Structure formats: structure tokens, C-alpha cells
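Letter by letter, the chains look like this.
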Amino acid sequence: MTNLPALSAPDLAALLASRLCHDIISPVGAIQSGLELLDDMPDDPESMALVRSSTKSAVAKLQFARIAYGASGSSTAQIDMGDAKTVAEGWMAFEKANLQWSGERAYVPKNIAKLVLNLLVVANASVPRGREVEVVIEQLEPVARFTITSRGKPLRVPAKFRELLAGEATPDSIDAHGIQPYYAMLLAREAKLAVTLEQSDEEAVFRVAPIDEAAEPAATDETVAIDGSR
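Residue numbers run consecutively from 1 along every chain, following the written order of its sequence. Owing to the predicted nature of the model, reporting of local features is limited to residues with pLDDT of at least 70; listing and counting of side-chain atom pairs is limited to 80 or more, with chain, interface and lining totals taken over all residues. Excluded from the side-chain calculation are hydrogens and water; included are all heavy atoms of the structure.

## Quick word on the overall build of the protein chain
No. 1: Under the scheme used here, helices are H or I runs from DSSP no shorter than 4 residues and strands are E runs no shorter than 2 residues, and both carry numbers assigned from the N terminus. Summing up its helical and strand segments, the protein chain has six helices and eight strands in all.
No. 2: For the protein chain, the N- to C-terminal ordering of α and β elements is α-α-β-α-β-β-α-β-β-α-α-β-β-β.
No. 3: The buried label applies to any residue whose accessible area, calculated with a 1.4 Å probe on protein chains only, is under 20% of its type's maximum; exposed applies above 50%, and partly exposed to all values in between. Across the 230 residues of the protein chain, 45% fall into the buried class.
No. 4: Here the open area of atoms and residues is found with the Shrake-Rupley method and a 1.4 Å probe, where only the protein chains shown may cover a residue. When the accessible surface of the protein chain is totalled, it reaches about 11,500 Å², and 51% of it is carbon and sulfur.

In C-alpha cells:
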């Protein structure tokens, strides 16, 4: 049975805020650089293109973060998976991999939608530039089942995520770089879902299913799991 290291609410909030600022600072900084160039060269087409592209990137990242990390209403609030898909597509348009998303659309408890988006971040971090991440929503009701698959070579599943799956992480090891995969695993635990990772040379499959119904993973080069139990 895998347990997550305990973090205080203030530490969790502070680390997530730090992660969000890290994600947003790059496009915002590019906007500032573009505006400074326009001060020197008004109507310069390259500077205008930089500002436009960076603004779109910043907006996409904020829209994604609003659902992936934000409160999104009360503790019992629901999120339309169609909205989750839309913000995922907007975010991935500025990332290194291509996104494929299929499956049913429905309103789900917010932690389910947030878990899909947070595992998407981990999956995207696992693939080299120009490759593919596929989200397949197999079922949402009465229980959630979905898979997210990273395809490409070489695959590098983030080390912190692997530590969390293996139950090797400690509170001291959770920093601003590790807080996002930690939050993904926390969401799985709160939703009472099992997360497994099946990895081969060119494919990593992040599979999510109810704890008591999670199928035995197929034989692969490596399989690790977290069962969501407290």
C-alpha cells in the first residue's frame, strides 16, 4: 500500500503557487520583451508577432491552471469534461507534443477533471519534442476510468512522479518541481482511484481506474502503482 508524504495546507498552497508562477513567467516575460522592442521599433512585425503569440500562451496556461489547480467552486462542484478538453487543447498547443483526446463528455466531480489534466502534465513532460500524448476517457459514470499514453523515444517519466508511485518520496523531497505530480497523486487519493504506470521503450501508459476494480497491469518493462488509500 503506497502512502503519500504529508504536507501542510500552507505548504501545499505555497508550492502550487510557486509552480503556477513558474509556468506563467515565461510567456509574460516574452510579452514584456516584445513591448520593449515595440518602444524602440513601433509597428515592427516580429515584435508584434512575439507579443501576440506570448499573450495567447499566457492566456492558455491561465485557463488550464484555473481548472487543473484552481478551486473551481465548492467542494462538491462539478466540471464539464468538454471544458477540460478545451483548456487541455489550448495548453498543449504551446507544448512540445501533439494531443489526441477521445471519449465521452459529461459533468464530473471536479477532482476527476483535475486529475485528468494533472496527469496530462506528467505525461507531456515524459515525451520528447514532436511526439504524441493521447487521452482516452473510457468511462465517467458511475465510476471513472481513463488512460493517458505518452508516445516517443526517449521517454523520460519525471523522476518525482516515479518516486511518488513507488512510495519513496518524503515531505522534504517535495519542492516546487515535485508539487505538481504530488498534487496529481493527491487528487487520485481523494477520488479513491488507482493510478498505474506501464512503460516500455517508446510508450508510457498512465492508467486510472477505481481502486477495487483496477485491472492487473499488462506485462511491460516496468509497472508501478499507487492505490489511493490513506
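Read on, since the account is not over.
## So, the nonpolar core
No. 1: Side-chain atoms within 4.5 Å link the members of a nonpolar core, which is a set of buried Ala, Val, Leu, Ile, Met, Phe, Trp, Tyr and Cys residues. If you look at the biggest cluster of nonpolar residues, it comprises 59 residues, and the most contacted ones within it are Trp101, Leu119 and Leu120.
No. 2: Looking at this core element by element, the count peaks at 10 residues for helix α4 (residues 110–125).

## Quick notes on helix α5 (residues 159–166)
No. 1: Every buried residue of α5 is listed here: Lys160, Phe161, Leu164 and Leu165. For α5, the angular spread of buried residues about the axis comes to 140°, placing them on one side.
No. 2: A positive phi of about 75° marks glycine 167, the residue just after α5. The arc under discussion is defined with respect to the helix axis, by the directions toward the C-beta atoms.

Purely geometric stuff here, so don't read any function into it on its own.
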